[in-house]
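# Survey of secondary and tertiary structure
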Amino acid sequence: LSVALAGVIADYNQQISLLSVHYINLYAIIDSFFVKTPDMLIHHLLVISCVSVIAFYEINEAYKLNFIGQLMRFEYSSIFYSGGPIVFHYLSKNQYLVNNVKIAFHVLFAVTFIKYRIWDYSRNVVLNREIYTPANFSTNIGFVQLILSSWGFYALNLYWARLILLKLIHSCKKTHN
C-alpha cells in the first residue's frame, strides 16, 4: 500500500517524483527476494530496469517526468488491490457490507487497472511515437532498455488484465447465482 500511495503522491507532485521512484525501486529490489510468483519477479525486474534508465542515462527532463508520471499512474489501481484487505478487516463485523464493498473494490481495481495500465499507457507510451525518439537519450543502450522495459510492462499488464477480468467475471457470476 505504501508503494501505491507513493506513486499517487508522486504523480501529483513532480518535486518528489524522483524520490518516490527511488523508494519504489528500493522496494522492488528488496521484495524481489520474497516474491512468490514469476510474474511479480518480472514486474520487479521491469521496475528496476525502468528506474535504472531514468537514473543512469542522460534523458531530457520533460521526457523523464512524463515517463515517470505514466509509471506512477500504474499505482492508482494498486490502491484498490492493496487497500482492500485493510478496509475489509475494519468492516468484518458486517458480512453483508464486506461482500458489497469487496465487489466494489474488485470493480474499481479492474476499472482503474484497465484505464491507467492498459488504455492510458498504450496511448501515452506504447503507441506514442514521441516516446521512441532516440534524440531523447544520450546512448542507444538506454533507449533500447527503456523500449524493452516499456513493452515488457505492457505485455505483463495485458496478462494481468486478462486474469483480473476472468476473476471479476467469476466473482460476479458467483454473486448472482
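I will try to describe carefully the structure that is included in this document. (Residues numbered from 1 in each chain as written. Predicted model: local features only at pLDDT ≥ 70, side-chain atom pairs only at ≥ 80, totals over all residues. Heavy atoms only, no water.)

## Structural notes on the nonpolar core
Residues F67, L71, F113, Y121, F137, L146 and F153 are the most contacted members of the largest nonpolar core, which totals 35 residues. Secondary-structure elements contributing two or more residues to this core are α2 (17–31), α3 (38–56), α4 (61–72), α6 (95–126) and α7 (140–176). Counting residues per element, this core draws most heavily on α7, at nine residues. In contact with F153, other than residues within four places in its own chain, are H43, L46, V47, C50, L71, F74 and Y121. (Core = buried A, V, L, I, M, F, W, Y, C linked by side-chain atoms within 4.5 Å. Buried < 20%, exposed > 50% of the residue type's maximum accessible area, 1.4 Å probe, protein only. Helix = DSSP H or I, 4+ residues; strand = E, 2+ residues; numbered from the N terminus. Contact = heavy atoms within 4.5 Å.)

## Re helix α5 (residues 75–90)
Counted at 1.5 Å a residue, the expected span for α5 with its 16 residues is 22 Å, and the 23 Å between its end C-alpha atoms agrees. Within the span of α5, buried status applies to E75, Y76, S77, S78, G83, G84 and F88. (Expected span 1.5 Å × (residues − 1).)

## Thoughts on the pattern of salt bridges
Should their charged atoms come close, side chains of opposite charge can pair. Across all of its chains, the model carries two salt bridges by this definition. For the salt bridge of K115 with D120, the shortest nitrogen-to-oxygen distance reads 2.7 Å. Overall, the relative accessible area of 35% leaves K115 in the partly exposed class. Between R123 and D120 there is a salt bridge, and its shortest N-O distance comes to 3.2 Å. Remark: D120 and R123 occur in helix α6; sequence separation between them is three residues, near one turn of the helix. D120 sits in the buried class, given a relative accessible area of 6%. Residues joined by salt bridges that share partners form a network here, namely K115, D120 and R123. (Salt bridge = Lys/Arg side-chain N within 4 Å of Asp/Glu carboxyl O.)

## Looking at the side chain of D39
Tracing the chain through its elements places D39 in helix α3. Only 2.6 Å separates the side chain of D39 from the side chain of T37, close enough to count as a polar contact. Once you skip the residues sitting within four places of it in the chain, D39 turns out to touch L156, Y159 and W160. (Polar contact = N/O pair within 3.5 Å; in protein donor to acceptor, adjacent residues only side chain to side chain.)

By themselves, these figures tell us nothing about what the structure is for.
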